[in-house]
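# Examination of the molecular architecture
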Amino acid sequence: MLAAASTRAKNGIGFISRLYYGLRRSWKWFAIFLTVTGPGVIVMVADNDAGGITTYAATGAKYGYGLLWFLVILGPVAYVIQEMTVRLGAVTKRGHAEAIFDAFGPFWGWFSLGDLILTDWLTLITEFIGMTAALAIFHVPPLLTVIVVTIIMLLMVLQGRYWTWEKIAFFFCVLNLVYIPGAILVHPSVSDIVRTGVVPNFPGGFTNDMFFFLMANIGTTIAPWMIFFQQSSVVDKSLKERDIPWGRLDTAIGALATVAVAVFIIITTGSVLKGSDVQDAAQASVALMAVHRWIGTFLAIGLFDAGFLGAICISLASSWAFGEVFGWAHSLNNKIREAPWFYGSYLLLVGSAGAVVLIPGAPLVLITLFVQVIATTLLPAAMVFLIILLNDEERMGQYRNSRLQNVLSVFVVAVIVILSTMYAVTALFPGLLK
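What comes next concerns the included structure.

Cut-offs and rules
Residues numbered from 1 in each chain as written. Predicted model: local features only at pLDDT ≥ 70, side-chain atom pairs only at ≥ 80, totals over all residues. Heavy atoms only, no water. Helix = DSSP H or I, 4+ residues; strand = E, 2+ residues; numbered from the N terminus. Buried < 20%, exposed > 50% of the residue type's maximum accessible area, 1.4 Å probe, protein only. Contact = heavy atoms within 4.5 Å. Areas by Shrake-Rupley, 256 points an atom, 1.4 Å probe, with all protein chains shown as cover. Patch = residues over 30% accessible without salt bridge, like charges linked within 9 Å, V, L, I, M, F, W, Y side chains within 5 Å. Salt bridge = Lys/Arg side-chain N within 4 Å of Asp/Glu carboxyl O. 1 Å grid on protein atoms, 1.4 Å probe; cavity = no way out; pocket = protein on both sides within 12 Å on 5 of 7 lines; lining within 4 Å. Points joined across faces, edges and corners; volume = space filled by probe spheres on them. Nonpolar A, V, L, I, M, F, W, Y, C, P; charged D, E, K, R; others polar.

Here we come to the overall build of the protein chain. Within the protein chain, the regular secondary structure consists of 19 helices and zero strands. Residues classed as buried in the protein chain amount to 53% of the 434 residues present. Taking contacts inside the protein chain between residues at least 6 apart in sequence as the whole, the part at least 24 apart equals 85%. Split by element, the accessible area of the protein chain, about 18,900 Å² in all, is 71% carbon and sulfur.

Residues L143, L144, I147, V148, I151, I152, L155 and L358 make up a contiguous nonpolar surface patch of roughly 680 Å² in combined accessible area. In this structure, L358 sits in the loop between α16 (340-357) and α17 (364-390).

Turning our attention to unusual backbone geometry. A positive phi angle is found at H139, which is not glycine, with a value near 70 degrees. In this model, H187 sits at a positive phi of 50 degrees, which is unusual for a non-glycine residue. Tracing the backbone shows H187 in the loop between α9 (179-185) and α10 (190-198). According to the relative accessible area criterion, H187 is exposed, its value standing at 67%.

The next point concerns the layout of surface pockets. Approximately 350 Å³ is the volume found for the largest pocket. I73, L74, V77, F411 and V415 are the residues nearest the centre of the largest pocket, which is lined by 19 residues in total. Looking at the lining of the largest pocket, the elements with two or more residues in it are α4 (68-92), α11 (208-221) and α19 (403-428). With seven residues, the single largest contributor to the lining of the largest pocket is α4. Per-class residue counts for the lining of the largest pocket are 19 nonpolar, no polar and no charged.

Shown next as structure tokens:
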């Protein structure tokens, strides 16, 4: 009996010991993940920016749940693209703009930089449009919004540490989940969502309007600035080759979050506003407030958060690219006196984009919708550079693209090129698709 009791005691101690060391090992891995995570989650969640929120809200209002399946597909597509930037940044220790200059020469380097700056500046305008529209619902003047947001953005980059900037950005990433309770409050019909949103279909047929919305959703889910931002962020964070698996997990979690938020927004507007002519997310917020005050409030808060998160990432992607191309110091770990041109270009980009929003009579809604389509048409060029760089064995070594990765990435580029060409044709001949 004593022997049996002794055996049970030893087994109990052994179980506790294994549990302790198992938890300790798990905590160690979790701590490593928290250290490495950041660029993937931030870039993916920031992908749901102000223009994206407007696009999702308008999509739900026009087509209900009918295009949910399309958003779900775009999540893995975005992951395939962004995962390549993790490897390229960790291996080469260079941002995307610098990598293009080194590999392809000045002509293509300047072309890629011009491509980036054009799309970033236009997209940054849409972020200010979203932020001013969201706070206008709460009676905050646009001028005050632009001034305060610009000051906060400057303080974030001037504090002198990448890690601090990242922690602040994480806060706004969490706030981006505010759309979820709004979708729950509308009490959507799960059976209707499954019946009309899961099976691929084109509600109302493949018309010009449908094609425009498909292009806009692609443009807001996959954008050139995301490639430049994540690669530069990986470099500024000093991630190494051994961190690539964690970077992949970081990016996958971000892709899941961005799809979830997009789906919840479409469910919200598709449940309450289907059939309505929604021009922007702020209008949708006001309309939702008439139905349920908190649903509309959540959407308005989320719109501001989306605009702010997108603005801090897009402006930084451009400033990083400027620094890489011109050889300036371009790290958030640099003080102002060490990187004056880096911070100066940041201020110029942010200030000019905010000023456009304050111009009386500016076609802000039109800019918001068409920026997503412009981003889609310019995306193939950025992706072609990315794929070629990832296939350079001398540069990438064992981290170059596999055959499967090449098949997937080339397929994505081909589809986007075809869709971009079709959109250009339908823009010239509006009656082509009925």
